[in-house]
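# Breakdown of the fold
If you want the building blocks of each chain, they are given just below.
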Amino acid sequence: MTQERALLHVRDFEEEARRRLSQPVWDYLAGGSGDESAVHANQAVLDRLGLRPRVLTGTAGPDLGTTLLGRPLRVPLGVAPMAHHRLFHPEGEVATAQGAGSAGALFIASIFANRTLQEMAGAASGPLWLQLYWLRRRDQLEKLVASAEEAGFGALVLTVDAPVVARRPRDLRNGFSVPADVRAVNLDSSVMATTHRAVTGTSALAAHSAEQFDTSVGWADLAWLRGRTKLPLLLKGVLTTQDARLAVEHGMDGVVVSNHGGRQLPGAVTAVAALPEIAAAVRGRCAVLVDGAFRHGSDVLKALALGADTVLIGRPALWGLTCGGSTGVAAVLGLLRDELAEAMLLCGLPGLDLVDRTLLHPHDRPPDGRPA
Ligand SMILES: Cc1cc2nc3c(=O)[nH]c(=O)nc-3n(C[C@H](O)[C@H](O)[C@H](O)COP(=O)(O)O)c2cc1C
Ligand SMILES: CCCCC(=O)C(=O)O
């Protein structure tokens with residue numbers, strides 16, 4: 001990583017990445033849907049939560065080790081699924097997989113990854129999962145599921161908050177499309193052609209989703225997926241207790257509580273506001289992951305206190321990738337890990353098993369995730 005000043009906070013990587021990326025790619029990465037109020041609410045809801053430290057607990061260096069779906073994880077952190085990592089670094093998802101692995105974190109590859117499942121599996125030293133959108137072309141899904149299982153992926157994450165890619169004003173203004181050399185290599189090129197078609201005033205990603213995503217899928221269709229794989233299945237984009245319970249009833253092994261980083265439903269409740277009731281509704285019956293605006297280790301600790309098993313990091317992983325490939329990803333995740341360890345020490349907590357709701361003052365919990 002070559003830069004003029006030390007990158008000491010995750011936000012330093014953001015600034016550096018912004019300098020390095022073209023305006024349309026930066027806008028795609030940073031932007032959200034509508035007026036982007038959900039992007040800001042994600043951050044604001046975390047900022048409003050105050051941690052309550054206990055003192056004189058005689059705690060030494062805390063242990064960050066945990067388990068997720070029965071597998072050990074060195075840190076309760078993962079990289080959220082994000083499309084097209086070659087927009088940010090020529091090595092794409094191979095670098096992200098390496099960086100996540102060296103920090104001890106989970107990596108969830110997107111269905112729209114630019115490196116093959118085998119390349120990512122070869123590069124990953126930690127847990128590696130694959131995210132899916134429900135495409136109209138079920139043959140493609142079927143093939144992907146089989147290949148992921150064969151390549152050694154540990155779980156599949158079906159994203160359910162995007163029957164279509166929402167209107168994102170920055171992408172519309174930029175007429176955003178994916179460059180021809182950035183290819184979602186795990187799918188037929190016929191399925192992806194529209195993502196490369198630039199049309200002024202439209203987003204090629206939105207046009208592509210309208211063409212290729214199957215909006216007719218319902219809960220009953222999950223049996224089709226369940227019947228095709230032995231891998232654990234999770235749903236990403238769950239924001240209500242009703243849907244979390246339905247996920248468990250339909251045999252899902254986990255949920256990712258998420259508003260997609262404020263990129264889908266404008267005005268959506270924040271994941272952090274929805275998390276406590278969802279964790280309570282499914283407690284012990286399936287894994288609970290969360291994402292959205294985690295930018296400091298103390299943010300991560302707040303989500304763990306509200307019932308999350310693991311916290312996923314979105315945009316900051318791509319800031320790290322932009323700044324320094326695998327080293328940059330490892331640096332961002334390493335910072336969050338070290339900050340989390342420090343926050344736990346300062347709260348008098350020796351391990352994650354002692355992290356619970358008492359860490360947060362009840363009055364600090366926002367009623368509905370919107371900033372006051
Ligand atoms: C550039 C970008 C691409 C994304 N692509 C996907 C994707 O392919 N599949 C998916 O389920 N979510 C996708 N997401 C959403 C992330 O998984 C995650 O929910 C969100 O970014 C978390 O918020 P954060 O960026 O504030 O940490 C994407 C997000 C970004 C920023
Ligand atoms: C087709 C959707 C692209 C990835 C995505 O989910 C996002 O940009 O948020």
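Look up a bit, the structure's there.
The model shown is predicted, which means the values in this text are computed figures rather than measured ones.

## Remarks on the pattern of salt bridges
Going through the model one piece at a time under the given rule, you end up with 14 salt bridges. Two residues, Asp221 and Arg138, come together in a salt bridge whose shortest N-O distance is 3.2 Å. Here Asp221 is found in the loop between helix H9 (204-212) and helix H10 (222-226), whereas its partner Arg138 is found in helix H6 (residues 138-151), with 83 residues between them in sequence. Among the residues examined, Arg138 registers a relative accessible area of 25% and is labelled partly exposed. One network of salt bridges, in which partners are shared, links Arg137, Asp139, Lys143 and Asp188.

## Some thoughts on the layout of surface pockets
One number sums up the size of the largest pocket: a volume of about 550 Å³. Taken together, 27 residues make up the lining of the largest pocket; nearest its centre are Thr159, Val160, Asp161, Ala162 and Pro163. Counting only elements with at least two residues in the lining of the largest pocket, the list comes to strand S6 (156-159) and strand S7 (233-238). Class assignment for the residues of the lining of the largest pocket results in 15 nonpolar, 9 polar and 3 charged.

## A closer look at the pairing of S6
A two-sided burial pattern is seen for S6, the buried positions comprising Leu156 and Leu158 on one face and Val157 and Thr159 on the other. Regarding topology, H6 serves as the crossover connection from strand S5 (residues 128-132) to the parallel S6, and that connection is right-handed. Of the strand pairs in this sheet, S6 and S7 are connected by 4 bridges, and their pairing is parallel. Bridge pairing links Leu158 to Leu235 in S7.

## A look at the site of ligand 1
Neighbouring residues of ligand 1: 21 residues in total, closest Pro81, Ser110, Thr159, Asp291 and Arg295. In this structure, a nitrogen atom belonging to ligand 1 sits 3.1 Å away from a side-chain N or O atom of Tyr133. One nitrogen or oxygen atom from the side chain of Lys236 is found 3.0 Å from a nitrogen atom belonging to ligand 1. For ligand 1, whose free accessible area comes to 610 Å², the fraction covered by protein is 98%. With respect to the pocket detection grid, ligand 1 is positioned in the largest cavity. Class assignment for the residues of the shell around ligand 1 results in 8 nonpolar, 8 polar and 5 charged.

What counts, and at which threshold
- Residues numbered from 1 in each chain as written.
- Chains lettered and ligands numbered in written order.
- Predicted model: local features only at pLDDT ≥ 70, side-chain atom pairs only at ≥ 80, totals over all residues.
- Heavy atoms only, no water.
- Salt bridge = Lys/Arg side-chain N within 4 Å of Asp/Glu carboxyl O.
- Helix = DSSP H or I, 4+ residues; strand = E, 2+ residues; numbered from the N terminus.
- Buried < 20%, exposed > 50% of the residue type's maximum accessible area, 1.4 Å probe, protein only.
- 1 Å grid on protein atoms, 1.4 Å probe; cavity = no way out; pocket = protein on both sides within 12 Å on 5 of 7 lines; lining within 4 Å.
- Points joined across faces, edges and corners; volume = space filled by probe spheres on them.
- Nonpolar A, V, L, I, M, F, W, Y, C, P; charged D, E, K, R; others polar.
- Right-handed = clockwise from strand over helix to strand, strands pointing away.
- Pairing = 2+ DSSP bridges.
- Near = heavy atom within 4 Å.
- Polar contact = N/O pair within 3.5 Å; in protein donor to acceptor, adjacent residues only side chain to side chain.
- Areas by Shrake-Rupley, 256 points an atom, 1.4 Å probe, with all protein chains shown as cover.
- Sits in = over half its atoms within 2 Å of the grid points.

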